[in-house]
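# Results of the structural survey
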Amino acid sequence: MIQIDKEYLASAFMRYVKIDTQSDPESNSSPTTEKQKDLSKLLAGELNDLGFENIEPDQYGYVYARLKSNSNKNVPAIAFCAHVDTAPDCSGTNVKPILHRNISGDDIILPDDTSQVLNVSNSPYLKNHIGKDIITASGLTLLGADDKSGVAAIMAAVKFLKANPQLKHGDISIVFTVDEEVGKGTDKISMEKINAEYGYTLDGGEAGSLEEETFSADGAIIEISGVIAHPGYAKNKLVNSMKIAGAFLDALPKNEWSPETTDKKEGFIHPTSINGISENTRLTFIIRDFKTENLEKHHEKLEGILKTVVAKFPGAKYKYTKQEQYRNMKDVLVKYPDVVKYAAEAIRRTGLEVHTESIRGGTDGSRLSFMGLPCPNIFTGMQNIHSKLEWIGVDDMAKAAETIVHLSMIWEENS
Ligand SMILES: [Zn+2]
């Protein structure tokens, strides 16, 4: 029987969310905000207190630690990863976590902004937590369950494994990353320091969910050049690149092929920025599909529309540049079926049903999978992420920690 200490877990989580670790998409430094290191330092200190030796964040704010194998079998090393940063979409300064014990299912009004009300109609998953404990912020900030719940679950699991040496496991690599929310979570990561064969991120939603598939992602940069002339003497000469860009955007399909008109397994293209003057206009697009081979078709279709529009403006030119961003982790995971199979088994052993899901986005795990660490994503229970109504059930976090413990044991059993 795996009994995770829920009081430790809840108090550790609340300690972590009080530290402001918001990342910054505009920054070019690593980490993008120095304050992320505040939590990294605290975690390194707590790992030292748990008996790990000489743990310190590296210069970029990553924390690596290793729980040594206690098995005489040859067990592959397994990494568990979570990110310390919070999303730039919502304030993460002065987060005041509130532990609501034994919730009734009535409205939960957040005290620092009483217009922020959490209830079963705006968050139906609350129903699963009636009679249990949940944690919210106070109304002015996000909570940071994304992904400090993953951090807390990993800490609780390794604390449990350390206290129960009769449970056999191989080497366990603990990895806390920075800058996940701004897409730079693996930029300065050290695969040597992770030193594991397989990994799991703890960065998912509802209890029981297991994400083994992400989008494959490309970018496109489109540069349109017009023909410049003095506006007073421009008749039959001037071709304004911004007007071409406008005609191009207008020529894109209205009822399909965009984030706002697609869901589930459908791919899309999406303009993300436009900057220009009369002479040149630059647009950036993101291209998304679950099938990597479809990305090329999206590029062809997009460039085809562009070409047709630009051809209507004599003298105008364009340049179309493709950028690879990340790839569907499933392309890697299918080659190592045990990685997902054992995670599903671990979730079942906690008494939960497994929901395998596809993420319409990317994770650190998609990048890590292609860097040589096949890495699906496991739930922590986080809800309404990146918002003031973010919340998490303490039981869900405990189930996530329990899943880590079972998973460590399952890899040992099967070795
Ligand atoms: Zn996250």
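To start, this report covers the structure provided alongside it. Quantities reported herein were computed from a predicted structural model and do not represent experimental measurements.

With that out of the way, let us pick up the coordination of the zinc ion. Listed as protein donors to the zinc ion are His 83 (NE2), Asp 146 (OD), Asp 203 (OD) and Asp 203 (OD); their distances from the metal cover 2.0 to 2.6 Å. For the zinc ion, the four donor atoms are set out with angles of 53 to 142° between them, so the coordination reads as irregular. In the primary structure, the donors to the zinc ion are separated according to the pattern H-x62-D-x56-D. Remark: Asp 203 occurs in strand S8 (residues 198-204) and Asp 146 occurs in helix H3 (residues 145-163); sequence separation between them is 57 residues.

The next point concerns unusual backbone geometry. A cis amide bond, omega -5°, links Ser 30 with the succeeding residue Pro 31. On the secondary structure map, Pro 31 appears in the loop between helix H1 (6-17) and helix H2 (36-49). Geometrically, the link from Asp 146 to Asp 147 is a cis peptide bond, its omega value of 10° lying close to zero. For Asn 54, which is not glycine, the phi dihedral falls at a positive 55°. Structurally, Asn 54 is set in the loop between H2 and strand S1 (63-67). On the accessibility criterion, Asn 54 (73% relative accessible area) is exposed. Phi angles above zero are rare outside glycine, and Asn 94 is one such case at about 55°.

So, on to the sheet that holds strand S9 (residues 209-214). The mixed open sheet is built from seven strands, whose spatial order is S1-S7-S2-S8-S15-S9-S14. Edge strands, defined here as strands with exactly one partner in the open sheet, are S1 and strand S14 (355-359). Here the average twist between neighbouring strands, direction ignored, is 30°. Bridge count between strand S2 (residues 78-83) and strand S7 (residues 172-177): six bridges; the pairing is parallel. In the strand pairing of S7, Ile 78 is matched with Ile 172. Relative to S2, H3 is tilted by about 145°, and along the sheet it contacts S1, S2, S7 and S8. On the sheet, helix H8 (residues 337-349) packs against S8, S9 and strand S15 (377-379) and is oriented at approximately 160° with respect to S9.

What counts, and at which threshold
Residues numbered from 1 in each chain as written. Predicted model: local features only at pLDDT ≥ 70, side-chain atom pairs only at ≥ 80, totals over all residues. Heavy atoms only, no water. Donors = N, O, S within 2.8 Å, 3.2 Å for Na, K, Ca; no water. Tetrahedral: all angles 85-135°; square planar, octahedral: opposite > 155°, others 65-115°. Helix = DSSP H or I, 4+ residues; strand = E, 2+ residues; numbered from the N terminus. Buried < 20%, exposed > 50% of the residue type's maximum accessible area, 1.4 Å probe, protein only. Pairing = 2+ DSSP bridges. Axes fitted to C-alpha atoms, helices over the stretch in contact; angles between N-to-C directions. Contact = heavy atoms within 4.5 Å.

On their own, these measurements won't tell you what the molecule is for.
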